[in-house]
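# Structural overview for review
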Amino acid sequence: TYATADGVAPDSGARIIVLPEKREGTAKLPVAGFRAGAHEADQTLARTSIRALGGDYEIADQEGHYTVRLASAGAYHVLFISRFQPRDDAAFLEPALQEALSIYFDRPTALVGPVAYEFTEFTFRGDKAVPRDHVFERE
C-alpha cells in the first residue's frame, strides 16, 4: 500500500524483487522487464531470468497483493518498489541497495526509477508462507 492525502491505497503495480544474498554466475540482467509498465513478454523474460538465479519477481495486483515463490531455503534481499509513491532523491540509491543490485542488474538506478522503495533482508526457512506487508509513506 501507499499513503495518500486521504489515507492508504493499494499500490497496484508495485514490483517485488527477491534476490538470493549469494549470487551464482556473473551475467547482468537487463532492467527492461523489471520496469513499471514493461511489456508482458519482457516481464516473463525477467521473471524467468530471476527465478533461474534462485529469486523471484512479482507485481502487486489491483488490491496490492502478491505471492512470491522461492525454490529453496536461504538468505534473500527483498526489494519493494512502489508504483505510485514518488521520492525526492530519484537519482540516488542507498549504498547497500546500489551494491546488492549492481551484482544482478546492468542499471540499478534505472531499475528503481523515481519512486519509493524498501530494501530488506529475509531468511526463508523453506517450510511455510511468511506474510510481508509494506506501506510506502509520503515524503
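Computed from a predicted model, the values in this text were never measured in an experiment.

We now examine the overall build of the protein chain. Looking only at helices and strands, one finds three helices and six strands in the protein chain. For the protein chain, the N- to C-terminal ordering of α and β elements is β-β-β-α-β-β-α-α-β. By the compact-globule yardstick of 14 Å for 139 residues, the protein chain fits well, its C-alpha radius of gyration being 14 Å. With respect to the three principal axes, the spread of C-alpha positions in the protein chain is 45 × 35 × 30 Å. Residue burial in the protein chain is summarised as follows: out of 139 residues, 41% are buried.

Let's shift gears to the side chain of His77. Here His77 is to be found in strand β5 (residues 74–86). A relative accessible area of 13% means that His77 is categorised as buried. Ignoring anything within four residues of it in the chain, the contact list for His77 reads Ile17, Val18, Leu19, Pro20, Glu21, Ala100, Phe119, Thr120 and Glu121.

The rules we used
Residues numbered from 1 in each chain as written. Predicted model: local features only at pLDDT ≥ 70, side-chain atom pairs only at ≥ 80, totals over all residues. Heavy atoms only, no water. Helix = DSSP H or I, 4+ residues; strand = E, 2+ residues; numbered from the N terminus. Rg over C-alpha atoms; globule rule 2.2 N^0.38 Å. Buried < 20%, exposed > 50% of the residue type's maximum accessible area, 1.4 Å probe, protein only. Contact = heavy atoms within 4.5 Å.

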